[in-house]
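Inside the fold
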Amino acid sequence: MAEIIGIRFRNMGKLYYFDPDGHQFQRGDMAIVETSHGLECGEIVLTNREVDDADLVKPLKKVIRPALPEDIEHLKENMEKEKRAFGICLEKIKAHGLEMKLVNVEYTFDNSKILFYFTADGRVDFRELVKDLASVFRTRIELRQIGVRDEAKMMGGLGICGRSFCCTQFLSDFQPVSIRMAKEQGLSLNPTKISGSCGRLMCCLKYEQETYDELLKITPKVGAIVNTKDGRGVVTEANLLTGSLKVVLDRAPDSPPVTVHRRDVTVIKDSQIKIDQEEVEDLLALEDD
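What you see as residue numbers is a count from 1 along each chain, following the sequence as written. Owing to the predicted nature of the model, reporting of local features is limited to residues with pLDDT of at least 70; listing and counting of side-chain atom pairs is limited to 80 or more, with chain, interface and lining totals taken over all residues. The side-chain values count all of the structure's non-hydrogen atoms but skip hydrogen atoms and water molecules.

1. Comments concerning the environment of isoleucine 114
Of note, isoleucine 114 is situated in strand E7 (residues 113-119). Only protein chains enter the accessibility calculation, which uses a 1.4 Å probe; a residue is then buried when its area is under 20% of its type maximum, exposed when over 50%, and partly exposed in between. Owing to a relative accessible area of 0%, isoleucine 114 belongs among the buried residues under this scheme. As a C-alpha pair, isoleucine 114 and leucine 143 span 29 residues in sequence and 8.5 Å in three-dimensional space. Isoleucine 114 has contacts with Val105, Glu106, Tyr107, Phe137, Thr139, Arg140, Ile141 and Glu142, leaving out every residue within four places of it along the chain. The helix and strand labels rest on DSSP assignments: H or I over at least four residues marks a helix, E over at least two residues marks a strand, and numbering proceeds from the N terminus. Residues count as neighbours in contact if any of their non-hydrogen atoms are within 4.5 Å of one another.

2. Here's the deal with the pattern of salt bridges
By definition, a salt bridge exists where a carboxyl oxygen of Asp or Glu is found within 4 Å of a side-chain nitrogen of Lys or Arg. Counted by the stated rule, this structure contains 14 salt bridges. Here aspartate 132 makes a salt bridge to lysine 92, at a shortest N to O gap of 3.6 Å. You can see aspartate 132 sitting in helix H2 (residues 127-137) and its partner lysine 92 sitting in helix H1 (residues 69-96), a full 40 residues away along the chain. Given a relative accessible area of 22%, lysine 92 falls into the partly exposed group. Where glutamate 128 meets lysine 131, a salt bridge forms, and the shortest distance between an N and an O atom there is 3.5 Å. Of this pair, glutamate 128 and lysine 131 both sit in helix H2, 3 residues apart, roughly one helical turn. Residue classification places glutamate 128 among the partly exposed positions, given a relative accessible area of 48%.

3. A look at the packing of aromatic side chains
For Phe, Tyr and Trp, rings pair up if their centres lie within 6.5 Å, where Trp contributes its six-membered ring, and each pair is then called stacked (planes under 30 degrees apart), edge-to-face (over 60) or tilted (otherwise). Tallied over the full model, the rule gives 3 aromatic pairs. Residues phenylalanine 118 and phenylalanine 126 carry aromatic rings whose centres are separated by 5.7 Å and whose planes lie at 80° to one another, so their mutual orientation is edge-to-face. Its relative accessible area of 1% is what places phenylalanine 118 among the buried residues. One cation-aromatic arrangement involves lysine 153 over phenylalanine 174; the distance from NZ or CZ to the ring centre is 5.4 Å. Counting as a charge over the ring demands two things of the Lys NZ or Arg CZ atom: a distance within 6 Å of the ring centre and an angle within 35 degrees of the ring normal.

4. Looking at the nonpolar core
In this structure, Met100, Phe116, Leu133, Phe137 and Leu143 are the most contacted members of the largest nonpolar core, which totals 17 residues. Of all the secondary structure elements, the ones that give two or more residues to this core are H1, strand E6 (101-107), E7, H2 and strand E8 (140-145). Look past the residues within four positions of methionine 100 in its chain and what remains in contact with it is Ile93, Phe118, Thr119, Ala120, Val124, Leu129 and Leu143. Among the buried residues, those of types Ala, Val, Leu, Ile, Met, Phe, Trp, Tyr and Cys that are joined through side-chain atoms within 4.5 Å form a nonpolar core.

Next comes the structure, spelled out in structure tokens:
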């Protein structure tokens, strides 16, 4: 077993584990740690706890120290510098005539490097821009091209559900999301209904899929032939969450379908969820980052 704490940087992104090195932290405390970018100040979101060694990637880096008041003040100063750097970079991008959208600017805690995040439709030759920025800020400059999902994660906002984006709240990593998931969950393949503000398939389709996979195993699909207490029929509609089925009986094909629960039918021959290939091809861009 090993004692760990979980730290997140800039209120978003992945959770990183560190060795507290004897320090006791409360949620919301700040700590100074060493990362691949150098010294960073992060927020404690997972307090001291014991975890199995098999669940960790070792060796864990140790916390250098709890953040001091002057460290918090330095963070605030860096945030002001980032705002100014953002404006300067926008001017430089325009001056160089580059087809790119600046998304965010980050100073490392020790000011040894400035990271500029941007999106673009293709590759961008920003070598001259880097030289220009380095001459202004007199420090290491790094430009990183990110995808639209990462942009949404950085910018934040509200989803169609009315809540903050999942990626800014609790999703540490983006998982592949497919059109098939939307189809299996009974959603209309309408881009405006199944894509998020980033223009890609909603992340919630992925973490709800496991539940739907289990429900699909026990629920007859549309087109399935089943036996009901009123006789044999074909399923014309299925609600996976409630288990409600609408069945057109063989003995009354022109009558309205009867409503039954999946537990009250016996499946004679199940069906398959069919996806129109041409329709899918038109929506494949929603799967790309």
